Amino acid sequence: MSRIANAFKQLQANGRKALIPYITAGDPYADITPDLMHALVSAGADVIEVGVPFSDPMADGRVIQRASERALAKGMNLANVLEIVRIFRQKDQQTPVVLMGYANPVEFYDHRHGENRFAQDAAAVGVDGVLIVDYPPEESHQFAKQLKLHGLDQIFLLAPTSTEERIAQVGKLASGYVYYVSLKGVTGAASLNTDSVSAFMPRIREHVHAPVCVGFGIRDAASAKAVAAVSDGAVVGSRLIELIEKQPRDQVLPVAQAFIAELRQALDSK
């Protein structure tokens, strides 16, 4: 059983919901990410999504775009991201880690290091799952084959605009969990409508048997608790990055911990 599957199994057994923070590798300081990951776990994170910086993150709003720009300016690339996971795994062998990003860095990595090396190298350092925004199900068969070969979960996005056909495709291929984008738009945009999330969830459940977690628009304890009530977990990214992006180095970890601990308490409250 994968680390992701095991994490959700334990959460379900304990009647709890997943809290999944997203951070951009190398932001806000180049070498702080492994320590930040440990801080998020200590505050109650169940899975960590690590964003791979990219110059044109089309699904992301200004907050995560800025984070990518800062990380790229510090020289961060996919090879560095894998090294971050390797360092994190020296102290934490339990918490699932998902890499989230775009096809270009993956394809460049394979071009530079050898065909299909990304999946092999990601598994070797302790990555558990991969979410590539611009690899839809119908265009990722070879990539899916490599991920499966190396024991990595492939995580897909669904959105309010997803058709029945797309939901069914995702249901056949997805493993680990499915990330439901609660808003029409980019990360950090608009406000969350929990009623619309709740109304769409039965359509997803009809085809998808993996856990379904909700992201985009979660900015506080109340919104995290609201989406977790109708799904298997909450993903929070833009608000976390906003809180830490201008902090002095010695305040990044405590600020991140306080925010995630607040969300964790909300998710666990009855």
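Refer to the preceding data block for the structure.
What this report covers is the structure whose coordinates are included nearby. Note that the coordinates shown come from a computational prediction; the quantities given were computed from them, not determined experimentally.

**Concerning the pattern of salt bridges**
Where charged atoms from two side chains of opposite charge come close, those side chains can pair.
Thinking step 1. The final tally for this structure, using the stated rule, is 17 salt bridges.
Thinking step 2. The partner of Glu242 in a salt bridge is Arg219, and the shortest N-O contact between them spans 2.5 Å. Linking Glu242 in helix H11 (residues 238–244) with Arg219 in the loop between strand E8 (212–215) and helix H10 (221–228), this pair joins segments that are 23 residues apart in sequence.
Thinking step 3. Its relative accessible area of 26% is what places Glu242 among the partly exposed residues.
Thinking step 4. Among the residues examined, Arg219 registers a relative accessible area of 32% and is labelled partly exposed.
Thinking step 5. Asp268 serves as the salt-bridge partner of Arg264, at 3.0 Å between the closest nitrogen and oxygen.

**Considerations on the side chain of Ser68**
Thinking step 1. Take Ser68: it is sitting in helix H3 (residues 62–73).
Thinking step 2. Exposure remark for Ser68: the relative accessible area of 4% places this residue in the buried category.
Thinking step 3. Ser68 has contacts with Thr24, Pro53, Phe54 and Pro57, leaving out every residue within four places of it along the chain.

**Here we look at the sheet that holds strand E6 (residues 157–158)**
Thinking step 1. Strand order in the open sheet made by the 9 strands is E5-E4-E3-E2-E1-E9-E8-E7-E6, with parallel pairing throughout. For this open sheet the edge positions go to strand E5 (153–154) and E6, each flanked by a neighbour on one side alone.
Thinking step 2. Along the sheet, helix H2 (residues 33–43) makes contact with strand E1 (18–24), strand E2 (48–51) and strand E3 (97–101), crossing E1 at roughly 165°.

**Considerations on the environment of Pro57**
Thinking step 1. On the secondary structure map, Pro57 appears in the loop between E2 and H3.
Thinking step 2. The sequence separation of Pro57 and Glu115 amounts to 58 residues, and the corresponding C-alpha distance is 24 Å.
Thinking step 3. Sequence-distant contacts of Pro57, defined by excluding residues within four places in its chain, comprise Gln65, Ser68 and Tyr102.

About the criteria used
Residues numbered from 1 in each chain as written. Predicted model: local features only at pLDDT ≥ 70, side-chain atom pairs only at ≥ 80, totals over all residues. Heavy atoms only, no water. Salt bridge = Lys/Arg side-chain N within 4 Å of Asp/Glu carboxyl O. Helix = DSSP H or I, 4+ residues; strand = E, 2+ residues; numbered from the N terminus. Buried < 20%, exposed > 50% of the residue type's maximum accessible area, 1.4 Å probe, protein only. Contact = heavy atoms within 4.5 Å. Pairing = 2+ DSSP bridges. Axes fitted to C-alpha atoms, helices over the stretch in contact; angles between N-to-C directions.

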